[in-house]
Amino acid sequence: MTDSLDLLVLGNAIVDVIARTDDAFLAKEGIARGAMTLIDEPRAETLFQAMGPATIVSGGSGANTAVGAAMLGAKTGFVGRVRDDELGQLFRHDLKATGVAYDVPAATDGPATARCFVLVTPDGERTMSTYLGACQGLGPDDIHKETVASARVVYLEGYLWDPPAAKEAFRKAAEIAHRSGNAVALTLSDAFCVGRYRDEFLELIRDGSIDILFANLGELKSLYQTEDEEAAVAALRDERNGRGMHMLGLVTRSEKGALVVHGGQAREVAASPVEHVVDTTGAGDLFAAGFLAGHARGLDHLTSARLGTVAAAEVIQHIGARPQADLVMLAREQGLL
């Protein structure tokens, strides 16, 4: 990655194993509905044997965002770790096939490539059990100054806050990005993830490490420890970083669309039309992809958010978290590009 980038994503390199299920199966397996739970390799093998017929596709929250942004024309790179196994080769192929720059060497020993077991209930809700595997090998040595400095936005997947070495990698990338005059974005990823690292995420926001924050309502409520939607949005609206500047926040609200929170204001953006919700996996990832692709094109925040809703609406109408339609064409039909 020697050319300049619009977006550099740091994320967990994961292959998704997706299967349809019901609430009874989740209860039987003791899985928290709608959450992401970390599991070890033995549990991964047991769950795989117990679940029904599965679709195996490349995934990972940050990687999904990288792919979506690339499909919308943004010059995008990805930093994440896989093993030199079959799933690792699949992940690398799928990422590069969409035009995302990815040159982190595969590990030749240690844990297998990460996999996420995505169980989709009839209402489209996804429940995830994740074996991080080789993901946890990502560290500061994988962060190259020239690559980070070349990217207009560095985007961190909140799930990366679990492995300590990856946390160090992000701090290094954020410091390089800001020294180069570039922006740093964070997605909170999951309400349970926020519960584990609330104080650290708030510190990142308030010490100026983060310029753009992505969250859904559940994650935002968890961040500010309130069940009141208006109170959570008000807290974000009033949030300032260490330089006294208002945070730019993008808050997704499912069928209610999204909020653009900036300059002490919260403005609404309607959701794009959806004929039938099949699988909500990747909705937030693709919203971020659309927004960041719009940002790279110099579009205003509201238009960029509308681009995000178009991308999110596409991905929830089929199984899997990678777009299957031409996002540029969809955006043009909406008069956004």
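For the protein, an unreviewed UniProt entry supplies the name Sugar/nucleoside kinase (Ribokinase family) and the organism Methylobacterium aerolatum. Here the protein is described in UniProt, under the heading Sequence similarities (unreviewed entry), as follows: "Belongs to the carbohydrate kinase PfkB family."

> Tell me about the sheet that holds strand β7 (residues 126–131), and name the residues and values.
Sheet architecture is open: five strands sit in the order β3-β7-β6-β2-β4, paired in mixed fashion. Edge positions in the sheet fall to β3 (36–38) and β4 (55–59), since each of these pairs with one other strand and no more. Ignoring strand direction, the axes of neighbouring strands in this sheet form an average angle of 25°. One ladder, built from six bridges, connects strand β6 (residues 114–120) with β7; its direction is antiparallel. Among the inter-strand pairings, Leu119 is bridged to a residue of β7, identified as Thr127. The strands touched by helix α2 (residues 41–50) are β2 (14–20), β6 and β7; relative to β6, the strand with the most contacts, the crossing angle is about 40°. Sitting on the sheet, helix α4 (residues 86–97) is in contact with β2, β4 and β6, with an inclination near 60° to β4.

> Now, about the environment of Gly218: what can you tell me, with residues and values included?
The topology assignment puts Gly218 in helix α8 (residues 217–224). Judged by relative accessible area, which is 37%, Gly218 ranks as partly exposed. Spatially, the C-alpha atoms of Gly218 and Ala258 are 13 Å apart, while their sequence positions differ by 40 residues.

> Describe the nonpolar core, with residues and values.
Phe78, Phe91, Phe201, Phe214 and Leu223 are the most contacted members of the largest nonpolar core, which has 101 residues in total. The next biggest cluster of nonpolar side chains, apart from the first, holds twelve residues, and it includes Ala19, Met51, Phe117 and Tyr131.

> Residue-level account of the pattern of salt bridges, with values.
Under the defined criterion, the tally for this structure stands at 14 salt bridges. Arg81 serves as the salt-bridge partner of Asp142, at 2.8 Å between the closest nitrogen and oxygen. Here Arg81 lies in the loop between β5 (76–79) and α4 and Asp142 lies in the loop between β7 and α5 (145–150), a separation of 61 residues in the sequence. Just as Asp142 is buried, Arg81 falls in that class too. Its salt-bridge partner being Glu268, residue Arg253 comes within 3.9 Å of it at the nearest N-O pair. You can see Arg253 sitting in the loop between β11 (248–252) and β12 (258–262) and its partner Glu268 sitting in strand β13 (residues 265–269), a full 15 residues away along the chain. Here Glu268 falls in the exposed class, since its relative accessible area comes to 61%. Residues participating in the shared-partner salt-bridge network are Asp23, Arg33 and Asp123.

Reading the values: rules and limits
Residue numbers restart at each chain and count upward from 1, following the sequence in its written direction. Totals for whole chains, interfaces and linings use every residue, but because this is a predicted model, local features are given only for residues with pLDDT of at least 70 and side-chain atom pairs only at 80 or more, for both listing and counting. Side-chain metrics rest on all non-hydrogen atoms present in the structure, leaving aside hydrogens and water. UniProt positions are given in the numbering used here, feature names are shortened, and annotations may be inferred rather than shown by experiment. Here, strands pair whenever DSSP counts at least two bridges between them. Under the scheme used here, helices are H or I runs from DSSP no shorter than 4 residues and strands are E runs no shorter than 2 residues, and both carry numbers assigned from the N terminus. The axes used here are C-alpha line fits, helices contributing only the stretch in contact, and every angle between their N-to-C directions lies in the interval 0 to 180 degrees. Here, residues are in contact when the closest pair of their heavy atoms is within 4.5 Å. Only protein chains enter the area calculation, which uses a 1.4 Å probe; residues under 20% of their type maximum are buried, those over 50% are exposed, and those in between are partly exposed. For this analysis, a nonpolar core means a set of buried residues of the types Ala, Val, Leu, Ile, Met, Phe, Trp, Tyr and Cys, connected via side-chain atoms within 4.5 Å. Criterion for a salt bridge: a side-chain nitrogen of Lys or Arg within 4 Å of a carboxyl oxygen of Asp or Glu.

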